[in-house]
Every structure is written in structure tokens, then in C-alpha cells.
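# Summary of structural features
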Amino acid sequence: MKLGRGWMWCVLLLSSLAVAAVAAQDKQFEADVSDANTDVGLDEEELEAMMEEEEEAMVEEEEEEAMAEEEEDSVETDVTSGKGEAGKDGADANVSFQVTYKTPVPTGEVYFADTFDDGSFDRWQLSKTMKEDADEDIAKYDGKWSVEQLKENKVPGDQGLVLKSRAKHHAIAALLDKPFVFQDEPLVVQYEVNFQDGIDCGGAYIKLLSDTGSLDLEQFHDRTPYTIMFGPDKCGEDYKLHFIFRHQNPLNKDLEEKHAKRVDVDLKKFYTDKKTHLYTLVLNPDNSYEMFIDQSSVSRGSLLQDVVPPVNPAKEVDDPNDSKPEDWDERAKMPDPEAVKPDDWDEEAPAKIEDPAAVKPEGWLDEEPEFVADPSAEKPDDWDQEMDGEWEAPQIPNPACEAALGCGEWKPPMINNPQYKGKWKAPLVDNPNYQGAWSPRKIDNPDYFEDVHPFRMIPFKALGLELWSMTSDIYFDNFIITSHKEVADRWASDSWGLKKLVASANEPGVFAQLMMAAEERPWLWVIYILTVGLPVGLAVLFCWPKKSEDDYVYKKVDLPQADVEEEEEEGEEEEKAAEAPTTESAAPAAEGTEKPEEAAGDAAEAGEDSLEGDEEDEEEEEEEEEEEEEEEEEEEEEEGGEEDSKAHERTSEDEGGGDPMGDGQKQAVRKRRVRKD
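Not measured: the values here are computed from a predicted model. (Residues numbered from 1 in each chain as written. Predicted model: local features only at pLDDT ≥ 70, side-chain atom pairs only at ≥ 80, totals over all residues. Heavy atoms only, no water.)

### Quick word on the state of the cysteines
Where we set the bar: The disulfide criterion is simple: two cysteine sulfur atoms within 2.5 Å. Summary of the burial criterion: residues with accessible area below 20% of their type's maximum are buried, those above 50% are exposed, and those between are partly exposed, where the area comes from a 1.4 Å probe applied to protein chains only.
For the structure on display, the rule yields two disulfides. There is a disulfide in this structure between Cys-401 and Cys-407, and the S-S distance comes to 1.8 Å. An S-S torsion of about -125 degrees defines the bridge between Cys-401 and Cys-407 as left-handed. Like Cys-407, Cys-401 is buried.

As C-alpha cells, this is what we get:
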């Protein structure tokens with residue numbers, strides 16, 4: 001079978017699509033590398049400046065100790081993606097690169113930074129107290145902590161702080177290098193969280209503990225004063241990202257929690273994908289704030305407008321000493337005082353009555369109860385009449401009622417009472433004395449104040465984790481507190497950026513991800529089948545090769561036939577042509593034979609006289625019948641058109657042979673045809 005050009009083009013198109021898909025999958029990891037570099041969000045000038053600052057900081061430290069620590073902490077990790085083995089021969093077909101992990105070092109001034117890469121949390125202090133208002137068996141902060149690597153997508157040399165116990169209280173804290181005082185510099189708090197086993201109910205938020213003279217990290221508990229609480233929290237299907245700060249009333253020095261508005265994105269994936277995510281909080285001296293997840297903004301607002309309850313109270317409040325007057329009428333409608341209950345209104349009429357038209361069915365057994373004692377039941381041997389009472393056989397349906405329409409006392413069914421109207425009430429009319437809803441008068445708020453700088457909160461000097469979780473193995477890493485967003489971004493690129501890079505390299509392919517999604521949501525199989533089957537079906541429909549012209553068998557066509565009317569006209573012309581020579585031949589013969597001519601002439605005249613009246617009637621009938629004959633003769637003429645024409649020719653020849661009754665025979669033939677039709 002020959003293939004058309006359309007089929008060849010479709011094969012080429014499908015082949016190119018397959019090659020493009022393979023090439024895109026091979027280059028996916030390379031794209032992830034570029035994404036990780038662009039996520040840092042630094043331009044060339046900022047990178048150069050931070051590099052210079054880093055070099056200066058490294059020079060100030062002791063070179064020998066720094067070099068020794070770097071040699072111990074540095075680990076080279078080779079991540080290779082592609083098909084086949086990497087080598088000289090396959091260098092072009094495979095994508096390979098080298099990721100070198102190095103313990104990140106802050107490039108600017110920081111108040112706190114910890115990576116846990118030394119394998120210990122000696123800087124942190126475990127709480128030794130107990131939680132108030134809790135059961136004694138769970139009130140103690142005895143949850144376990146450990147420094148470990150990630151379970152999945154681990155980067156050798158990188159470690160973090162891991163919450164190890166479930167259904168226990170955990171509390172751990174560490175002092176800052178120096179207290180943070182809210183003045184003219186922003187506050188940037190950043191750390192990483194990975195819910196390695198998912199999360200059922202629990203949090204991973206941090207608390208910035210207030211700088212009070214009585215702060216004792218060994219006594220850190222849920223009521224320890226804090227300035228800011230920030231981080232993820234989840235219970236049930238409620239996914240939150242907390243930002244809570246405690247604001248101090250400038251009048252009475254009371255502290256009140258202020259909660260920022262909820263974030264604008266769906267947080268579920270950050271709790272369920274088992275990846276390391278970066279949480280960042282930025283507070284600015286102009287009272288603005290912004291929260292980031294993986295360096296993408298998820299919420300922003302103002303400390304003066306976007307927190308609940310608001311920082312500044314209302315200027316006016318309700319007067320607590322004001323009370324509603326006794327004659328104050330708040331009724332918008334009232335019963336019509338002029339309305340009177342109708343005389344025929346019966347309030348005692350029942351809502352339901354027995355159907356008076358109901359008739360007891362025939363065969364109803366009034367004397368038979370619906371249930372009877374089971375005759376086959378026997379009192380148990382261990383039945384104690386004094387303890388259990390008098391024994392009674394269990395009740396079963398009455399066998400006699402199975403064949404009957406019913407048993408027991410028959411009662412007619414209940415129907416709605418047409419006379420029921422219920423309790424009469426006067427209709428409602430507008431209240432002429434309506435004064436509206438009463439509200440107390442407003443007075444100046446004695447507790448009013450206006451704080452135009454809520455950013456200036458209570459200083460803090462420690463960072464703590466005080467958590468309850470029903471899931472273990474929550475991973476924390478790379479805490480940093482600074483005043484420069486660029487420093488936090490560079491810190492993230494050296495730590496979280498590498499985790500993201502490795503996680504992207506270890507992600508399953510597109511096909512594997514589709515299969516995993518279908519396992520969780522079986523209805524996706526329908527979409528997959530339609531997505532794959534529809535293009536294939538269209539490709540087969542439009543690209544299938546056309547059938548060759550040699551394979552077609554053409555149907556024979558009947559030869560064209562002359563029209564019936566044309567054949568009749570030709571027949572009449574032939575008859576006229578045959579009559580002309582007959583008349584000429586009859587003239588010389590008449591000269592030699594007079595007697596036969598006279599006899600024939602007399603007979604012809606007699607025949608013509610007798611047929612004149614008939615011819616006039618026949619001509620009228622023929623004109624009416626010719627139209628009907630045309631449709632009927634079409635089929636007859638198609639089959640025997642040639643025979644009829646020959647018959648007419650023969651008839652005309654016979655008549656032209658000297659028949660003295662030629663005209664009469666013509667009329668007779670016409671009559672026979674009319675009768676036949």
C-alpha cells in the first residue's frame with residue numbers, strides 16, 4: 001500500500017516530539033541549577049560587595065583555625081543526572097556537575113546564626129521545667145532533640161536540629177550574640193523547616209524571647225515572655241503561617257498579642273511535600289512587614305492596619321453607665337389593636353381528624369394480636385426469678401396475621417382537619433412609636449492612645465522553640481537573625497539553595513510524577529486517557545493514507561435514451577411522410593379504373609361523414625388525455641419505444657398500400673389506444 005505525504009509528515013512530527021521530550025527531560029536539571037541561582041535575587045554589584053565583605057571577615061579571623069575547620073566541614077558531592085554512565089564518550093549526551101557544600105558564613109552583621117554542621121547543639125539550652133495547666137504525665141518538657149542529616153535529599157556535611165519525639169512537649173532555646181533593639185534598622189528572621197514525615201498536628205514556629213532581667217533558658221516554657229512568634233503551624237486541615245507580636249500599652253504597660261492577617265496562598269504543599277522550605281520574616285522601621293516562603297512573598301501589610309486586634313484603640317467607646325429608657329420602643333411592627341377575632345374561628349379544633357370516608361378492610365382480624373409469645377421458647381436453666389424477675393417468652397409476629405390484611409383494633413387513618421385554623425393572632429402593622437434600635441451613647445475612650453511606631457517593640461535576646469507535635473522528625477536548620485535582607489539571601493543561597501538543587505536532581509521524572517499523582521487521585525486516569533487517546537485518534541484520522549485510485553471500481557452507467565415526447569413527434573412525422581406517396585400513387589390508378597374509383601370514393605365519403613362527429617369529440621379527449629398519457633407512456637416507451645416506433649411505421653406502410661379505409665383505420669387505432677389507457 002502506498003503511503004501519502006500526509007502520513008509521512010505525521011510520522012516525522014511524532015518523532016520530533018519524542019526527541020524534544022527526551023531532550024527536555026535531560027535538560028531539566030540544568031534548568032533547576034539556573035533557577036536556584038536566580039532565586040537568590042542578587043545582582044552583580046551586590047554579589048561583588050558581599051564577596052568583599054566576606055574576604056575582609058575571613059582575614060580578621062585566625063587563618064589557621066579557619067582553614068582547619070573548613071577542611072573538616074567541606075564535603076564534595078557529585079550529583080549526576082542523565083542516561084548511561086558519565087565519561088569522555090558520553091560527555092555530550094549526559095549532564096553532570098559538581099556541588100560543593102561548605103558551611104555558610106554570614107557576610108555581614110548578624111545577631112544570631114547557627115548551622116548545626118558541627119554535629120552538636122551545645123549552644124542551645126534544654127528546658128527543665130514543666131508546662132502549666134497540663135496533666136502531670138505530659139506536663140514535663142522531656143521531648144528529645146538530635147542533630148542529624150536529612151532522611152531524603154541529604155547533602156553530606158549538612159546537618160540540622162531534629163525534633164525526635166511525638167506527643168510530647170519540647171522546649172529548647174539559645175542566646176543571641178547581642179540583644180536586638182528595635183530602632184532604625186529592619187529585622188530579618190530566617191530559618192529552614194522540613195516535615196520529613198509530614199505533619200498531623202503541631203507547629204514549627206520560633207519565639208524571640210524578650211530581654212527581661214529574669215530570663216532563664218532552663219525555665220523556658222509556654223508562658224515565657226516573647227516579643228515575636230513566627231513560623232508554620234498546622235492542626236487538622238487548618239494550615240497557618242503565624243506572625244504574632246506582643247505590643248505594650250504605653251499607658252498601663254499591659255502586653256497584648258497582635259495577629260497578622262492570614263497569608264494569601266495555599267500552604268498545604270509546604271507541609272506535605274517533605275521538602276526543606278525557607279521561612280523569612282522582614283520587619284521595617286516604617287511599620288511594614290512581609291513574609292516569604294522559599295524567597296517568594298506570601299503576605300505583606302502594615303502593623304497599624306493589618307493586625308487583629310488593632311494596635312491603637314478607638315477614640316470613642318460606648319458609655320458603660322448609659323442604659324435604655326423604659327419607654328423606648330424598638331418594635332418596628334406591632335399587633336393591630338383594632339383587629340378582632342372572627343366569630344367562626346375555632347381555636348380548639350384539632351389539626352388532625354379521623355378520615356370519615358375510611359372503611360375497615362374485609363378480612364381484618366380484630367381479635368388477633370399483632371405479636372404473640374414464642375411457643376418454642378423455653379426459660380433458661382440459669383434464670384433466677386428473684387434476681388431476674390418473672391420470665392416471659394419473647395414476642396414474635398402473630399402467624400395468623402401473615403395471610404390477613406391486618407390484626408388488632410382497626411382505626412381509621414388520620415387526615416388534615418379542614419376546619420383547623422390554630423390560635424388566632426392579630427395582624428402586624430407599623431408601630432407609630434418605633435424609635436429604632438437603642439445603642440448607648442459614645443464617650444471619649446479613657447484608655448485611648450496612639451502609637452505611631454509599633455515597630456519599636458520590646459527588645460529580645462534569645463531564640464526558642466517551644467512545641468507540641470504529634471509527628472516526629474521535624475527538621476530545623478540554618479537560623480539567622482540580621483538587619484540586612486541581602487545577608488539573609490546570601491546565607492540562603494549557600495545553604496538552602498544547595499538543598500533545593502539536590503532535591504530537584506533527585507525528583508522523579510514527569511512520567512513517575514504522573515503515576516504517583518494517579519495513585520493518590522484515581523480519577524486522573526480518565527484525564528490521562530483522554531489526553532493521550534484524543535491526539536492519537538486525530539492523528540490516525542487525518543494522517544491515514546488515502547486509498548489509491550486503482551483500487552476503486554466504477555459502476556457502469558446506462559446509455560442515455562431519447563425523450564418520449566421527441567419519439568412521438570418523430571413517429572407523427574414519419575406517418576405524414578408515408579401518407580404523401582400513397583396519395584400520389586392513388587391518382588394515376590384512378591384514371592384507368594373509374595368504377596372502382598367511384599365505389600371507393602362513395603365509400604370514403606360515407607366513412608368520412610360518419611366519422612366527422614366522432615373526430616371532433618376524440619380530438620378534445622385526446623388533448624386532455626395526452627398529458628396523462630405522457631407520464632404513463634414514459635416507462636412503456638423506455639422498454640418498448642423502438643418496437644412501438646416500428647409498429648407505427650408498419651401501420652403507415654399498410655395504410656399507404658391503397659387501403660380505401662385508411663382514415664377509418666387510423667381512427668379505430670386511436671380509439672383502441674384510448675380504451676387501453
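### Quick notes on the pattern of salt bridges
Convention followed: By convention in these notes, a salt bridge is any Lys or Arg side-chain nitrogen within 4 Å of a carboxyl oxygen on Asp or Glu. Secondary structure elements follow DSSP: runs of H or I of four or more residues count as helices, runs of E of two or more count as strands, with numbering from the N terminus.
As enumerated under the stated definition, the model contains 30 salt bridges in all. Lys-461 serves as the salt-bridge partner of Asp-211, at 3.7 Å between the closest nitrogen and oxygen. Of the two residues, Asp-211 is situated in the loop between strand 10 (206–210) and strand 11 (226–235) and Lys-461 in strand 26 (residues 460–469); the sequence distance between them amounts to 250 residues. The class of Asp-211 is partly exposed, set by a relative accessible area of 33%. Residue classification places Lys-461 among the partly exposed positions, given a relative accessible area of 23%. Its salt-bridge partner being Arg-441, residue Asp-319 comes within 3.0 Å of it at the nearest N-O pair. Of this pair, Asp-319 sits in the loop between strand 18 (316–318) and strand 19 (333–335) while Arg-441 is found in the loop between strand 24 (428–430) and strand 25 (442–444), placing the two residues 122 residues apart along the sequence. Of the residues examined, Asp-319 reaches a relative accessible area of 9% and is grouped as buried. Among the charged side chains, a network of salt bridges with common partners joins Glu-148, Lys-151, Lys-164, Asp-197 and Asp-473.

### Focus: the nonpolar core
Filter applied, for reference: What we call a nonpolar core is a set of buried Ala, Val, Leu, Ile, Met, Phe, Trp, Tyr and Cys residues that are connected through their side-chain atoms within 4.5 Å. Contact criterion: two residues are considered in contact whenever any of their non-hydrogen atoms come within 4.5 Å of each other.
Among the nonpolar cores identified, the biggest contains 65 residues, and Leu-187, Ile-228, Phe-243, Leu-283, Phe-476, Phe-479 and Ile-481 are the most heavily contacted of them. Setting aside its immediate chain neighbours within four residues, Phe-476 contacts Phe-116, Trp-145, Gly-160, Leu-161, Tyr-191, Glu-192, Val-193, Ala-204, Leu-465 and Leu-467. Within the second largest apolar cluster, five residues are counted, among which are Val-110, Ala-113, Ile-480 and Val-487.

### Considering the pairing of strand 5 (residues 145–148)
Defined as follows: Whether two strands pair depends on DSSP finding at least two bridges between them.
The alternating pattern of strand 5 places Trp-145 and Val-147 on a buried face and Ser-146 and Glu-148 on a face that is not buried. As paired elements, strand 5 and strand 6 (residues 160–163) share four bridges and run antiparallel to each other. For Val-147, the partnering residue across the bridge sits in strand 6 and is Leu-161.

### Some remarks on the packing of helix 7 (residues 485–494) against helix 8 (residues 496–505)
Quick reminder of the rule: Under this scheme, a helix contributes an axis fitted over its contacting stretch, all axes are lines through C-alpha atoms, and angles between N-to-C directions fall in the 0 to 180 degree range. Polarity classes work like this: nonpolar for Ala, Val, Leu, Ile, Met, Phe, Trp, Tyr, Cys and Pro, charged for Asp, Glu, Lys and Arg, and polar for all others, with Gly in that last group.
Where helix 7 meets helix 8, the axes come as close as 3 Å, and the angle between the chain directions of the two elements is 35 degrees. Listed contacts from helix 8 to Ala-492, Ser-493 and Asp-494 of helix 7 are Trp-496, Gly-497 and Leu-498. Tallied by class, residues from the contact of helix 7 with helix 8 come to three nonpolar, two polar and one charged.

### So, the side chain of His-169
We apply this condition: For this analysis, a polar contact is any N or O atom pair within 3.5 Å, provided that within protein one partner can donate a hydrogen and the other can accept it, and provided that sequence-adjacent residues contribute only side-chain to side-chain pairs.
By the secondary structure assignment, His-169 is in strand 7 (residues 168–180). The exposure class assigned to His-169 is buried, which follows from its relative accessible area of 6%. Reaching out from His-169, the side chain makes a polar contact with the backbone oxygen of Ile-138 at a distance of 3.4 Å. Discounting residues that sit within four places of it in the chain, His-169 has contacts with Lys-131, Ile-138, Ala-139, Lys-140, Tyr-141, Asp-142, Gly-143, Leu-467 and Trp-468.

### Some thoughts on the packing of aromatic side chains
Applied cut-off: Two rings from Phe, Tyr or Trp (for Trp, the six-membered ring) form a pair when their centres are within 6.5 Å of each other. A pair whose planes differ by under 30 degrees is stacked, one over 60 is edge-to-face, and the rest are tilted. Whether a charge lies above a ring is judged from NZ of Lys or CZ of Arg, which has to be within 6 Å of the ring centre and within 35 degrees of the ring normal.
According to the stated counting rule, one finds 18 aromatic pairs in the structure shown. Measuring from centroid to centroid gives 5.5 Å for Trp-124 and Phe-479, while their planes differ by 55 degrees, and the two rings are tilted. With Trp-124 in the loop between strand 3 (110–114) and strand 4 (125–126) and Phe-479 in strand 27 (residues 474–482), this pair connects stretches of sequence that are 355 residues apart. Ring centres 5.3 Å apart and planes at 85 degrees place the aromatic pair Phe-182 and Phe-455 in the edge-to-face group. Here Phe-182, found in the loop between strand 7 and strand 8 (187–195), pairs with Phe-455, found in the loop between strand 25 and strand 26; they are 273 residues apart in sequence, far enough to count as distant. Under the relative-accessibility criterion, Phe-182 is labelled buried at 2%. An aromatic cluster of at least three residues, connected via ring pairs, comprises Phe-112, Phe-116, Trp-124, Trp-145, Tyr-191, Phe-230, Tyr-279, Phe-476 and Phe-479. Cation over ring: Arg-246 sits above Tyr-226, and NZ or CZ is 5.3 Å from the ring centre.

By themselves, these observations are geometric and do not establish any function.
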